[in-house]
Amino acid sequence: GSYVLPGLIDMHVHHLGVGDRELFGLLFLAHGVTAVRDTGDFYGTILERRRQVREGKYPGPRIFACGPLLDGSPPMWPALLPGSWVVRNAVEARAAVDKLTKLGVDCVKVYSWLSAEALAAIRNEAARHRLPVIGHIPLAVPFEEAHLKDVQHLTGVPSMGAPPIVHNTRATWQAYSSAWATAWRDLDPVRVDFIVRTSVEQGIAHTPTLVAFKRASRLPDYPQLLGDPAVHLLPRFYREVIWQQEDMLPVFARLGEAAPKMTNVVRRLHEAGVRIHAGTDTPNPFLVPGASLHEELRNLLDAGFTPEEAWVAATRWPGESLSEPKLGTLQEGAPADFLIFREDPSHDLAALSTLEAVVAQGRLYPKEVLDRAI
């Protein structure tokens, strides 16, 4: 009398310090997320977390980790070092990928300030080690020349020109967000046709993280966002400190101006058969682990997906791009990551609320037990 589906996969998350370890793990599982791809290890903790989850030290989703992101000089986020490794040229690029390989990462994340020379060397060295390269299309590299396996946030869709020259992180982020909003506002339909065609020809997947931009667009109405019950699943430190930086809220809001056109681009990509991966960029402002992926599934419906197609974008398609065979499917020999529902959410996403139990890495977690633990 129940429905069993593959566990959800969030293809774009970040973990913060060690203090969020148990809570993030429980929140993901309680929302049916049994695997995540960490796309930027800001504090040097993700590989140890991955090991501890695998060994059952604490409950949490299966973790696939890119490790520190690779960026140009100066990096966009210098204050987050060693979360960013500076790569200036081909020699440094090869050394960085070799170091990441020795650490045991599952993927290589590239960022916005890289040069074309550095990106090409990263890509070639990663291919030698059989590591997928994902991330931002660098501003200095044309979309069609980047050859990333999985593009994050639809970067490179509008052409933004050269990186802004600024002298501190906040000013850099303000300049970048302004350029982003302008580029999306002026996006030419011919350019969209080109992006769709190139993505089909090169087999590029996209993780658009629409939820991050739609949430950003609502930041000017901060009190209304505080009324969302999901945001109270995290400690008030997030609401009152991390997310409540008044000088940065307008910056994030500018990024959110692109959300309607981003949704249309996702629709075009999907109609052309391009693979879309569900991802959230949690825990950016008002993005709660697990809950934000449910919201992203609904955003995919807005972009023309059926409920079952949205489920595929959060299970089978991501699983096929990660390193665990048969992940995101229910079949003999697949990982024991699956969900038990009273009603079928692949028919109607409203049934997400009928989750009864989660099996993650073969371990059974009744929903009521997860809720009590949270």
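Residues numbered from 1 in each chain as written. Predicted model: local features only at pLDDT ≥ 70, side-chain atom pairs only at ≥ 80, totals over all residues. Heavy atoms only, no water.

Chemist: Can you help me understand helix α7 (residues 189-202) in this one?
Modeler: An α-helical turn contains 3.6 residues, so a residue and the one three or four places further along point in the same direction. Here α7 contains 14 residues, and its C-alpha end-to-end distance of 20 Å stays within 8% of the 20 Å for a straight helix at 1.5 Å per residue. Listed in full, the buried residues belonging to α7 are V192, I195, V196, T198 and S199. Take α7 and look down its axis: the buried residues cluster within an arc of 165°, on one side only. Exposed residues pointing more than 90 degrees away from the buried face of α7 are listed as V190 and E201. (Helix = DSSP H or I, 4+ residues; strand = E, 2+ residues; numbered from the N terminus. Expected span 1.5 Å × (residues − 1). Buried < 20%, exposed > 50% of the residue type's maximum accessible area, 1.4 Å probe, protein only. Arc of directions from axis to C-beta.)

Chemist: Where do I start with the state of the cysteines in this structure?
Modeler: Covalently bonding the sulfur atom of one cysteine to the sulfur atom of another cysteine gives a disulfide. Counted by the stated rule, this structure contains one disulfide. Through a disulfide, C66 is tied to C107; the S-S separation comes to 2.1 Å. Here the S-S torsion is close to -100°, and the disulfide linking C66 with C107 is therefore left-handed. Of this pair, C66 sits in the loop between β4 (62-65) and β5 (69-71) while C107 sits in the loop between α3 (90-103) and β7 (108-110), and the two are 41 residues apart along the sequence. A residue is classified by how much of its surface remains accessible, and C66, at 0% relative accessible area, is buried. In this structure C107 comes out as buried when scored by relative accessible area, which is 3%. (Disulfide = S-S within 2.5 Å.)

Chemist: Which parts of the structure should I look at to understand the sheet that holds strand β1 (residues 3-6)?
Modeler: The strand order across the open sheet formed by four strands is β1-β11-β12-β13, and the pairing between neighbours is antiparallel. Of all strands in the sheet, those with a lone pairing partner are β1 and β13 (363-366), marking the two edges. Neighbouring strand axes in the sheet, compared pairwise and without regard to direction, differ in orientation by 20° on average. In terms of strand pairing, strand β11 (residues 338-341) meets strand β12 (residues 355-360) through four bridges, oriented antiparallel. Counted as the bridge partner of F341 is L355 from β12. (Pairing = 2+ DSSP bridges. Axes fitted to C-alpha atoms, helices over the stretch in contact; angles between N-to-C directions.)

So yeah, pure geometry; function would need other evidence.
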